[in-house]
2 protein chains.
Amino acid sequence: MLDFNFQNETKIIFGKNSFDDLSKEISKWGRKVLLVYGGNSIKKNGIYDKVVAQLDKNQLIFEEISGVKPNPRLDLVLEGIDKARKSDIDFILAVGGGSVIDTAKAIAMGAKCNKDIWSCFSGEVFENEVLPLGTILTIPAAGSESSTTTVITNQDKGLKRAFSTEELRPKFAILNPETTFTLPQKQTIAGAIDIMAHVFERYFTNTENVDLTDRLCEGLLKILIKNIPIVLEEPENYHARAEIMWAGTLAHNGLLGTGREEDWGSHMIAHEISAQYDITHGFTLSIIFPAWMKYVYKTNTNRFAQFANRVWNIEIDLDNLDRTAMEGIFETEKFFKQIGAPTRLRDLNIHDEHLENMSHKCTMNGSVGNFIKLHQGDVNKIFKLAL
Amino acid sequence: MLDFNFQNETKIIFGKNSFDDLSKEISKWGRKVLLVYGGNSIKKNGIYDKVVAQLDKNQLIFEEISGVKPNPRLDLVLEGIDKARKSDIDFILAVGGGSVIDTAKAIAMGAKCNKDIWSCFSGEVFENEVLPLGTILTIPAAGSESSTTTVITNQDKGLKRAFSTEELRPKFAILNPETTFTLPQKQTIAGAIDIMAHVFERYFTNTENVDLTDRLCEGLLKILIKNIPIVLEEPENYHARAEIMWAGTLAHNGLLGTGREEDWGSHMIAHEISAQYDITHGFTLSIIFPAWMKYVYKTNTNRFAQFANRVWNIEIDLDNLDRTAMEGIFETEKFFKQIGAPTRLRDLNIHDEHLENMSHKCTMNGSVGNFIKLHQGDVNKIFKLAL
């Protein structure tokens, strides 16, 4: 186990009645709120009205930024920063999934910062004050509701980049599983894959002696594998939705990575697909992860065999650990297919015309990943395995 | 899954170099420190000198309260409160195990409170400011290093009682597994049992649809069952010590109880043994838990069968679930014996002379536990099963 620091101050407010404390929580931080959301879905399903009623209850004043799209874009962030400054906003409330929350975080970063905010996503130091923000999660996926990270796409440059700092952790995350009942199947599936991917990025490590976090990762994966098919059959199954929602937060709140080197190569590779083709994040992961696993598993066959055994209940074949490892990878790919996710680039009609360039962009700042450090040639081979 | 709120602000600083930031962390809160510790062990093993060197480095001023004993006592708490007031202390630093930390917490409660602090342990409302405190853990056991709780013994009244409030969460917890290398075997064993017991108190619930926290609980128990025998054979096995130490914190930081009704009946019963006979807390739990399990398992045989299967790898006998459940209980008791813990009152030369009175005291404020609500007669039967 490696040395680590871990602190997660986000207050989780979970359950059917979790909206009730919204205005009380916001009032700790100020009175002028910037409400950030996506499209019409929160108006159709009544969440918008509930939020406004809560804000009105305590006479909180609010402005809005709406229209956040998947793979959230820098231009809307800049618009939000402008509005936050002009309206002297105290607090940002994100109502939505990861794209909405990431947009809100980037606005929170920029509101009190005079430099070009994109420069921080390109590696420049960020030392400014961050506006406090809170979240009402409607799509369990990104884990952004209690994480330190925001991922933004610069559409002019064709780049999708992440930025992390402890100050970006939301002050609270309201998680009401009922808000996910009306999610389109596609978003439920893509979100669930994103959650599994967040566990994978931590689980596949060469750090030794990480028994405890291994078990936590395996536990999360097992409950996802059980509950994802249930919610696809029964979208209003509260308890299965609740398991997935809480797992989504825990998968990415920092706990599962304590004491271990994390990987994140697959996320970096997958981001290139989104940047090039504007594909839903989760579906880039269901394509890249099986290919990545096949490319890297021989680096640490034991770990992949343990994964096959503990997560997929495959008996360990001590005479052929490679086979056990590969069975776990095939089960993963099969599961993604079963729940209706693409597992090959061709499933999304993507062929090899841009792969070389995408591999170049992915590694332009150096290698990606830690399980194996992947250079341009490796990334290109992974893309080809995913064709 | 039940609705819940969860927030744990304690900063975990884990590993071999975790002492390095001590004075920086304290300096966020003030300059006058009250150092609370037990006996000579931290002087013998060099921890005291390291702490003092860190405090000196940033010119922090400190007073001391030492001599904390297991089942920490109210009189030392009162002495500490007096010293904290007279010296106008800003911050309390606990260096030790649960008894030391609980003493520090009770001092932190009392330093700015004018009423009799024991009254809060007897159910009176506590609404005062709490002094900030930090912890350097040397015994993985109580989980007090990031919990909301303190447990104090009023020796005059023969009562051991707990008090909880979010304000009691330490600001930081420094967890260096090396500090546990020199623990006497008895303390290692008793501490490990306390950790397992904290998981049991959450695991054995009648709340349904708690897949995720079930898996987290089972994961923790599995790594404890693996690593406890290792550290008893190899006291300086860093990695096994690290697994146990991190498990000890996670077992009691609130996470495992999210969304489920917790029990705590066994702890209440076990406290009576400590109050009457001044027995190490962990050893009262290794005696009471097997008896409690035998007394209650038929209330929810499925849960006990799941425990047997997932934690102890016992095959489920669908024709006789009771048998499967009982096998899990026997395995638990056998494990406690194997690691050298008492599992019967007679192992500590305790017989039935005070059991009636202890059962009365345990339930004088009402029934204890939630899995089954236990009244005086039930508690007495559990004591008898434990004879």
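Details of the structure are given in the entry above.
In short, a report on the structure. (Residues numbered from 1 in each chain as written. Chains lettered and ligands numbered in written order. Predicted model: local features only at pLDDT ≥ 70, side-chain atom pairs only at ≥ 80, totals over all residues. Heavy atoms only, no water.)

Across its full length, chain A holds 15 helices and eight strands. For 387 residues, the compact-globule estimate of 2.2 N^0.38 gives 21 Å, and chain A sits close to it at 20 Å. By principal-axis analysis of the C-alpha atoms, chain A measures approximately 70 × 45 × 45 Å. For chain A, the residues scored as buried account for 63% of the 387 residues in total. In chain A, of all internal contacts separated by at least 6 residues, the share reaching a separation of at least 24 is 77%. Total accessible area on chain A stands at roughly 14600 Å², and carbon and sulfur atoms take up 46% of it. (Helix = DSSP H or I, 4+ residues; strand = E, 2+ residues; numbered from the N terminus. Rg over C-alpha atoms; globule rule 2.2 N^0.38 Å. Buried < 20%, exposed > 50% of the residue type's maximum accessible area, 1.4 Å probe, protein only. Contact = heavy atoms within 4.5 Å. Areas by Shrake-Rupley, 256 points an atom, 1.4 Å probe, with all protein chains shown as cover.)

Attention shifts here to the packing of aromatic side chains. Overall, the coordinates contain 46 aromatic pairs over all chains when judged by the stated rule. Between the aromatic rings of Phe 289 of chain B and Trp 292 of chain B, the centroid separation amounts to 5.7 Å while the plane-to-plane angle is 75°, which identifies the pairing as edge-to-face. Of this pair, Phe 289 of chain B and Trp 292 of chain B both sit in helix α11 (residues 281-296), three residues apart, which is roughly one turn of the helix. With a relative accessible area of 1%, Phe 289 of chain B lands in the buried category. The exposure class assigned to Trp 292 of chain B is buried, which follows from its relative accessible area of 1%. Three or more aromatic residues joined by ring pairs form one cluster here, namely Phe 200, Tyr 203, Phe 204, Phe 289, Trp 292, Tyr 297, Phe 304, Phe 307 and Phe 371 of chain A. Directly above the ring of Tyr 48 of chain B sits Lys 43 of chain B, whose terminal nitrogen or CZ lies 4.7 Å from the centroid. Over the ring of Tyr 203 of chain B we find Arg 303 of chain B, and its NZ or CZ is 5.1 Å from the ring centre. (Phe/Tyr/Trp six-rings, centres within 6.5 Å; stacked < 30°, edge-to-face > 60°. Lys NZ or Arg CZ within 6 Å of the ring centre and 35° of its normal.)

This brings us to the relation of the copies chain B and chain A. For the match of chain B to chain A, the screw axis carries a shift of 0.0 Å, the RMSD comes to 0.0 Å, and the turn is 180°. Taken together, the rotation angle and the small translation identify this as a two-fold axis. In terms of proximity to the rotation axis, the leading residue of chain B is Glu 9 of chain B, whose C-alpha is 2.4 Å off the axis. Comparing contact sets, 100% of the residues at the interface of chain B also lie at the interface in chain A, consistent with an isologous, same-surface contact. (Least-squares fit on C-alpha atoms with pLDDT ≥ 70 in both.)

It is worth spelling out the side chain of Asn 253 of chain B at this point. Residue and element names in this part refer to chain B. Structurally, Asn 253 is set in the loop between α9 (238-250) and α10 (265-277). The class for Asn 253 is buried, based on a relative accessible area of 9%. Within the structure, Asn 253 has its side chain in polar contact with the backbone nitrogen of Leu 255 (distance 3.0 Å). (Polar contact = N/O pair within 3.5 Å; in protein donor to acceptor, adjacent residues only side chain to side chain.)

For the rest of this paragraph, the subject is the packing of α10 of chain B against helix α14 (residues 355-362) of chain B. Residue and element names in this part refer to chain B. Interaxial distance between α10 and α14 falls to 9 Å at its minimum, and their mutual angle equals 125°. In terms of orientation, α10 and α14 fall into the oblique class. In this structure, the crossing between α10 and α14 has a hand that is right-handed. On the side of α10, the interface is formed by Met 268, Ile 269, Glu 272, Ile 273, Gln 276 and Tyr 277, while α14 contributes Met 358, Lys 361 and Cys 362. A breakdown of the residues in the contact of α10 with α14 according to their chemical character gives six nonpolar, one polar and two charged. (Axes fitted to C-alpha atoms, helices over the stretch in contact; angles between N-to-C directions. Parallel < 35°, antiparallel > 145°, perpendicular 65-115°, else oblique. Left-handed = near helix turned anticlockwise from the far one by under 90°. Nonpolar A, V, L, I, M, F, W, Y, C, P; charged D, E, K, R; others polar.)

Once their charged atoms are close, side chains differing in charge can pair, the charge on each being opposite to the other. All names here are of chain A. Counted under the stated rule, the structure contains 35 salt bridges over all chains. Two residues, Asp 82 and Lys 86, come together in a salt bridge whose shortest N-O distance is 3.0 Å. Of this pair, Asp 82 and Lys 86 both sit in helix α4 (residues 74-86), four residues apart, roughly one helical turn. When its relative accessible area of 38% is taken as the criterion, Asp 82 is described as partly exposed. Exposure remark for Lys 86: the relative accessible area of 67% places this residue in the exposed category. Across the pair Glu 166 and Arg 169 runs a salt bridge whose closest N-O atoms are separated by 3.1 Å. Relative accessible area serves as the criterion here: at 46%, Glu 166 is assigned to the partly exposed category. Its relative accessible area of 9% is what places Arg 169 among the buried residues. Look at the salt bridges and you will find they share partners, linking Lys 11, Glu 25 and Lys 28 into a network. (Salt bridge = Lys/Arg side-chain N within 4 Å of Asp/Glu carboxyl O.)

On to unusual backbone geometry. At Gln 59 of chain A, a residue that is not glycine, the phi angle is positive and equals roughly 50°. Position of Gln 59 of chain A relative to the elements: it lies in the loop between α3 (47-57) and β3 (61-65).

Strand pairing in a sheet is mediated by backbone hydrogen bonds. Such pairs are either parallel or antiparallel. The strand order across the open sheet formed by 12 strands is β3(A)-β2(A)-β4(A)-β5(A)-β8(A)-β1(A)-β1(B)-β8(B)-β5(B)-β4(B)-β2(B)-β3(B), and the pairing between neighbours is mixed. On the outer flanks of this sheet lie β3 of chain A together with β3 (61-65) of chain B, each paired with one strand and no other. For this sheet, the mean angle separating the axes of adjacent strands, direction not counted, is 25°. The sheet contact formed by strand β1 (residues 4-14) of chain B and strand β8 (residues 172-175) of chain B spans four bridges and is parallel. From the neighbouring strand, Ile 13 of chain B faces β8 of chain B, where its bridge partner is Ile 174 of chain B. Along the sheet face, α3 of chain A touches β2 (32-37), β3, β4 (91-96) and β5 (133-137) of chain A and points at about 150° away from the line of β3 of chain A. Those strands touched by helix α3 (residues 47-57) of chain B are β2 (32-37), β3, β4 (91-96) and β5 (133-137) of chain B, and its axis lies near 150° from that of β3 of chain B. (Pairing = 2+ DSSP bridges.)

Residue and element names in this part refer to chain A. You can see Thr 324 is positioned in helix α13 (residues 321-338). Classification of Thr 324 by relative accessible area gives buried; the value is 1%. Separated by 129 residues in sequence, Thr 324 and Ile 195 have C-alpha atoms that sit 24 Å apart. Look past the residues within four positions of Thr 324 in its chain and what remains in contact with it is Ala 305, Ala 308, Ile 314, Glu 315, Ile 316 and Asp 317.

What follows covers the packing of helix α10 (residues 265-277) of chain A against helix α15 (residues 376-385) of chain A. Residues and elements named next belong to chain A. Between α10 and α15, the shortest axis-to-axis distance is 11 Å and the interhelical angle comes to 65°. Taken together, the axes of α10 and α15 lie roughly perpendicular to each other. Considering only the axes of α10 and α15, their crossing is right-handed. Residues Ile 269, Glu 272 and Ile 273 of α10 form the contact with α15, whose own contacting residues are Val 379, Ile 382 and Phe 383. Across the contact of α10 with α15, the residue classes break down as five nonpolar, no polar and one charged.

Turning our attention to the interface of chain B and chain A. On the side of chain A, 38 residues touch chain B, which itself brings 38 residues to the contact. Roughly 3500 Å² is buried in total at the junction of chain B and chain A, and carbon and sulfur atoms are behind 58% of that figure. In terms of surface lost to chain A, no three residues of chain B exceed Met 1, Leu 212 and Trp 246 of chain B, which account for 18% of the buried area on that side. Remark: the boundary between chain B and chain A carries two salt bridges. We note a salt bridge from Asp 211 of chain B to Lys 226 of chain A, for which the minimum N-O separation is 3.0 Å. Summed over the shared surface of chain B and chain A, the number is 23 residue pairs in polar contact (both at pLDDT 80 or more). In terms of residues, the side of chain B that touches chain A owes the most to one element, β1 of chain B, which gives 11 residues. (Buried area = accessible area lost by both parts, 1.4 Å probe.)

Another aspect to go through is empty space enclosed by the protein. Under the criterion given, the structure shown has three cavities of 30 Å³ or more. Looking at the largest cavity, its volume works out to about 210 Å³. Every residue lining the largest cavity is counted, 21 residues in all, and those nearest its centre are Phe 6 and Asn 8 of chain A together with Phe 6, Asn 8 and Asn 253 of chain B. At the level of elements, β1 (4-14) and α9 (238-250) of chain A together with β1 and α9 of chain B are the ones that each hand at least two residues to the lining of the largest cavity. Looking at the lining of the largest cavity, the element that brings in the most residues is β1 of chain B, giving five residues. Here the residues of the lining of the largest cavity sort into 10 nonpolar, 11 polar and no charged. (1 Å grid on protein atoms, 1.4 Å probe; cavity = no way out; pocket = protein on both sides within 12 Å on 5 of 7 lines; lining within 4 Å. Points joined across faces, edges and corners; volume = space filled by probe spheres on them.)

Everything listed is a geometric property; what it means functionally is a separate question.
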